Every structure is written in C-alpha cells, then in structure tokens.
Amino acid sequence: MSYLKIYIHIVFSTKNKLPYFATLEQRIKVWKHIKDNASEKGIFLDMVNGYSDHCHCLISLGSNQNIENIVQLIKGESSYWINKNCLTKEKFAWQDEYFAVSVSESKIEQVRNYIKNQNTHHQKKTFDEEYQDFMEKYNFE
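This section reports on the structure supplied with the text.

Each value, and the rule that gives it
Residues numbered from 1 in each chain as written. Predicted model: local features only at pLDDT ≥ 70, side-chain atom pairs only at ≥ 80, totals over all residues. Heavy atoms only, no water. Buried < 20%, exposed > 50% of the residue type's maximum accessible area, 1.4 Å probe, protein only. Helix = DSSP H or I, 4+ residues; strand = E, 2+ residues; numbered from the N terminus. Pairing = 2+ DSSP bridges. Axes fitted to C-alpha atoms, helices over the stretch in contact; angles between N-to-C directions. Contact = heavy atoms within 4.5 Å. Core = buried A, V, L, I, M, F, W, Y, C linked by side-chain atoms within 4.5 Å. Arc of directions from axis to C-beta. Parallel < 35°, antiparallel > 145°, perpendicular 65-115°, else oblique. Left-handed = near helix turned anticlockwise from the far one by under 90°. Nonpolar A, V, L, I, M, F, W, Y, C, P; charged D, E, K, R; others polar. Salt bridge = Lys/Arg side-chain N within 4 Å of Asp/Glu carboxyl O.

**Focus on the pairing of strand β4 (residues 99-103)**
- Going residue by residue along β4, you find F99, V101 and V103 tucked away on one face and A100 and S102 left uncovered on the opposite face.
- Here five bridges tie strand β1 (residues 7-13) to β4, and the two strands are oriented antiparallel to one another. Counterpart to Y7 in the pairing with β4 is V103.

Okay, structure coming up:
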C-alpha cells in the first residue's frame, strides 16, 4: 500500500472575474455542493471557500489523481450544477485557467485559515490584488 500526503492549494475564478456569487447564501450553497461532489468522486477536498468571483480549494491528491483532472472535475461539474439549478441570472462559467501550488505539512493549518477567512480577507483586498500577490509570492511569470 502506498501512503501519500500531497496537499495542493487551488484557486480559480469565475469567467471574466464576474461576481456571480454576490450573497453569502449563494457561496455557501456552491461550496457545499463542490465539497459533496468531490467526496462522491473520491477527491479529498479538505477545505473549500471563496468570494463572489473566485474559489479556493485545499485538496490532497490520491495516488491515481493529477491536478488537471481534479480541477476539471470540480469546475466542470459545479458549473453544470450551478446552471442546472439557475443559481445565477446569466449562464455561469469558470475561467479556464487556475492557480495551484503545493502546501507543506507545516503550513496546512495556515492555508486552511486563509481559505476559511475569505469573507473577511476580501473586505480589505480584491481578488485581482490577491491574484497578483500569489503571482509574486510563488514567482509565476
């Protein structure tokens, strides 16, 4: 038996960074669905949260999983579910690209708290500012 602990912090935005999830109620409904669906698909989603225009997920990869497939499953199914349930006024879609970085065991709790506190965090900083901080912090070009 193989033992793995590979945590990945994934961030993806709504198409054109539109604030589709204006209310906390909408966000809670979508995040809960993403968590439940991930569980059904054998994806260990430790934490999910976000704001009106983006989503953060902390996942642990299984031995037969890769980041691209996980993100595709999460985004594709949730987009379908959001549209099927008419949760947005216009047709919903996630942006194609995403951000993903590995998280060391010693930083898991810090990342969980960061994801958990998105509502508070985005009272002070926009997603564009957060995105730029990620790009600089992790040396993405």
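**Brief notes about the sheet that holds strand β3 (residues 54-60)**
- Taking strand neighbours across the sheet as the criterion, the four strands line up as β2-β3-β1-β4 in an open arrangement whose pairing is antiparallel. Edge positions in the sheet fall to β2 (44-51) and β4, since each has one partner strand and no second. Adjacent strand axes in the sheet meet at a mean angle of 15 degrees when their direction is disregarded.
- The strands that helix α2 (residues 67-84) touches are β1, β3 and β4; relative to β1, the one it contacts most, it runs at about 45 degrees.

**Here's the deal with the nonpolar core**
- Within the largest apolar cluster, 24 residues are counted, with the highest numbers of intra-cluster contacts made by I34, I59 and W94.
- Contributions of two or more residues to this core are made by β1, α1 (24-40), β2, β3 and α2.
- Ranked by residue count, the leading element in this core is α2, at five residues.

**Some details on helix α3 (residues 108-116)**
- Residues of α3 that are buried: I108, V111 and I115. All buried residues of α3 project into a common sector of 65 degrees when viewed along the axis, lining one side.
- Contact partners of the buried residues in α3: β1, β2, β3, β4 and α4 (118-121).

**Quick look at the packing of α1 against α2**
- Axis separation between α1 and α2 bottoms out at 10 Å; the angle between their running directions is 130 degrees. With respect to α2, the element α1 is oriented oblique. At the point where α1 passes α2, the crossing takes the right-handed sense. Residue-level contacts link K29, V30, H33, I34 and N37 of α1 to L73, I74, E77, S78, W81 and I82 of α2.
- Of the residues in the contact of α1 with α2, the class split is six nonpolar, three polar and two charged.

**Brief notes about the environment of F44**
- Relative to the assigned elements, F44 resides in strand β2.
- Given a relative accessible area of 42%, F44 falls into the partly exposed group.
- Remark: the alpha-carbon pair of F44 and N83, spanning 39 residues in sequence, is separated by 24 Å.
- For F44, the contacting residues outside a window of four places in its chain are Y7, L58, I59 and S60.

**Some remarks on the pattern of salt bridges**
- The final tally for this structure, using the stated rule, is six salt bridges.
- Here E105 and K5 are joined by a salt bridge, their closest N and O atoms 3.6 Å apart. Of this pair, E105 sits in the loop between β4 and α3 while K5 sits in the segment before β1, and the two are 100 residues apart along the sequence.
- According to the relative accessible area criterion, K5 is exposed, its value standing at 58%.

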